[in-house]
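Per-entry structural report
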Amino acid sequence: MKKTIFMIFLAVILVVLMTVAIYAFVDQKGTLSKTPVENKLSEAVSGQIHQSDFGVVKAGAVSEMIANIKTSALTIQDIQTVHSGLEIKRDLRIGGYGDILNFNIAPRSLYNINDLYPIEYINQIDEDTIYTVYKTTDRNNELRFMYLFFRKLDDKREGVQEDTETWWLEGKAFFIKNTLQYNDFSAIKVGSSISEVHAVDSMVNPEIGTDREYTEPFNSYHLLTDGVLRIEYAFDEADGIYRVAFLEYVESFEIPISENGKDSTINVRINENDYPVSAGGNVE
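Residues numbered from 1 in each chain as written. Predicted model: local features only at pLDDT ≥ 70, side-chain atom pairs only at ≥ 80, totals over all residues. Heavy atoms only, no water.

Counting its secondary structure elements, the protein contains six helices and 11 strands. Sorting the 284 residues of the protein into buried and exposed places 41% on the buried side. For the protein, the computed accessible surface area is about 16,000 Å², with 52% contributed by carbon and sulfur atoms. (Helix = DSSP H or I, 4+ residues; strand = E, 2+ residues; numbered from the N terminus. Buried < 20%, exposed > 50% of the residue type's maximum accessible area, 1.4 Å probe, protein only. Areas by Shrake-Rupley, 256 points an atom, 1.4 Å probe, with all protein chains shown as cover.)

What follows is the structure in structure tokens.
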């Protein structure tokens, strides 16, 4: 009898301890939190002079972090830091809808970008292409995910050590609030208003141009589950709004870049599990 009581008492203690442990790992929104993977991308490389100037990372650091993220089963939803979208675009010299602006002083290496905005999530497309994901806010302080793509360079610069890697920002920065596919844009055609595009993808600002202070053509870029969509807009002087002037859908996910002065492409097909489960909603 005493042994039975003791076993029941021991079982109750174990249940209490397990409950406490679970609550210790639950965040304020009631979801299980996961421990972030250690980021070693800006770790100093022994003997490498002026590492920040060269923008190199220790060989194997990228693949190690990707492997650790997979092992820990982290997802983009587990990213803890939410950055101001306005600030991160300003600091990285990224245009409003993801154009990588050509500034000599802009940080373009994985090393330097990680130094400014530490990476919490990174994944691989192929052996020479990776992408990072950040949580950011939009103009309405709503959550959206930003995707940056990097190409591994065959870096032959004098002073760069063999035990390093150079990863360079390429292509476009993509911002996703809601996971969409090409069919979602089936009603959008040449002549559609920017408000109609906004109704499909709320990332697009429907108010741009309404004050007539900015009337230059521009593009929005949409990373979909089944391809990439570029929408070009032109200002309609008569109605005082932007309208769709051109649509380009790329099913292959290959988007143009300039590599060593030559036209090339980069693959931006992300893992199907790296699209947002849900975004939007005000960030507290």
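Turning next to helix H4 (residues 85-92). Of the residues making up H4, those classed as buried are Gly 85, Ile 88, Lys 89 and Leu 92. When H4 is viewed along its axis, its buried side chains cluster within an angular range of 100° and face the same direction. Across from the buried face of H4, at angles greater than 90 degrees, the exposed residues are Leu 86 and Arg 90. Buried residues along H4 sit in contact with strand E2 (82-84), helix H5 (110-116), strand E4 (129-137), strand E5 (143-153) and strand E6 (164-176). Just downstream of H4, Arg 93 is the residue with a positive phi angle, here 55°. (Arc of directions from axis to C-beta. Contact = heavy atoms within 4.5 Å.)

A surface patch of like charges, here negative, comprises Asp 126, Glu 127, Asp 128 and Glu 254. Checked against the element boundaries, Asp 126 lands in strand E3 (residues 121-126). (Patch = residues over 30% accessible without salt bridge, like charges linked within 9 Å, V, L, I, M, F, W, Y side chains within 5 Å. Salt bridge = Lys/Arg side-chain N within 4 Å of Asp/Glu carboxyl O. Lys, Arg positive; Asp, Glu negative; His and termini not counted. Charge placed at Lys NZ, Arg CZ, Asp CG, Glu CD.)

If you walk through the whole model with that rule in mind, you get 10 salt bridges. A salt bridge links Lys 177 to Asp 138; the nearest nitrogen and oxygen atoms lie 2.9 Å apart. Here Lys 177 is found in the loop between E6 and helix H6 (194-200), whereas its partner Asp 138 is found in the loop between E4 and E5, with 39 residues between them in sequence. Judged by its relative accessible area of 9%, Asp 138 is buried. Arg 230 is the partner of Glu 248 in a salt bridge, and the nearest nitrogen-oxygen pair spans 3.0 Å.

Looking now at the pairing of E5. Of all the 11 residues making up E5, nine are buried; the element is thus mostly covered by neighbouring parts of the structure. Where E4 meets E5, nine bridges bridge the pair, whose relative direction is antiparallel. Directly across from Tyr 134, in E5, lies its bridge partner Met 146. As consecutive antiparallel partners, E4 and E5 are separated by five residues, and within that stretch Asn 141 has a phi angle of approximately 60°, a positive value. (Pairing = 2+ DSSP bridges.)

Here the focus is the sheet that holds strand E9 (residues 241-250). Here three strands make up an open sheet; going across it, the order is E7-E8-E9 and the pairing antiparallel. Strands at the two margins of the open sheet, each flanked by one partner only, are strand E7 (218-224) and E9. Direction aside, neighbouring strands of the sheet carry axes that sit 25° apart on average. (Axes fitted to C-alpha atoms, helices over the stretch in contact; angles between N-to-C directions.)

Judged by nonpolar contacts, the single largest core of 64 residues is most densely connected at Tyr 147, Leu 148 and Leu 223. The element contributing the most residues to this core is E5, with seven residues. Setting aside its immediate chain neighbours within four residues, Leu 148 contacts Leu 92, Ile 94, Ile 113, Ile 130, Tyr 131, Thr 132, Tyr 134, Leu 169 and Ala 173. (Core = buried A, V, L, I, M, F, W, Y, C linked by side-chain atoms within 4.5 Å.)

Summed over the entire model, instances satisfying the criterion amount to seven aromatic pairs. Ring centres of Tyr 182 and Tyr 249 lie 3.8 Å apart, and the angle between their planes is 5°; this geometry places the pair in the stacked category. Taken together, the residues Tyr 182 in the loop between E6 and H6 and Tyr 249 in strand E9 connect sequence positions 67 residues apart. Residue Tyr 182 is classed as partly exposed on the basis of its relative accessible area, which comes to 36%. (Phe/Tyr/Trp six-rings, centres within 6.5 Å; stacked < 30°, edge-to-face > 60°.)

For the rest of this paragraph, the subject is the side chain of Asn 123. Position of Asn 123 among the secondary structure elements: in strand E3. Reaching out from Asn 123, the side chain makes a polar contact with the side chain of Asp 274 at a distance of 2.9 Å. Non-local contacts of Asn 123, meaning those with residues more than four positions away in its chain, are made with Ile 66, Lys 70, Ile 130, Tyr 131, Asn 271 and Asp 274. (Polar contact = N/O pair within 3.5 Å; in protein donor to acceptor, adjacent residues only side chain to side chain.)

Time to look at the pairing of strand E8 (residues 227-236). For E8, the tally of buried residues reaches eight of 10 residues, placing the bulk of the element in the interior. Sheet topology note: the E7/E8 ladder contains seven bridges and is antiparallel. Along E8, the bridge assignment pairs Ser 220 with Ile 231. Relative to E9, E8 runs antiparallel, the two being bridged by nine bridges. If you follow Ala 234 over to E9, its bridge partner there is Arg 243. Between E8 and E9, which pair antiparallel and follow one another directly, the connecting turn spans four residues, one of which, Gly 240, has a positive phi of 70°.

Within the protein, residue pLDDT values average 86, and 85% of them lie at 70 or more. Element-level pLDDT for the protein is lowest in helix H1 (residues 2-24), with a mean of 48, against a maximum mean of 98 in E3. (pLDDT = per-residue confidence, 0-100.)

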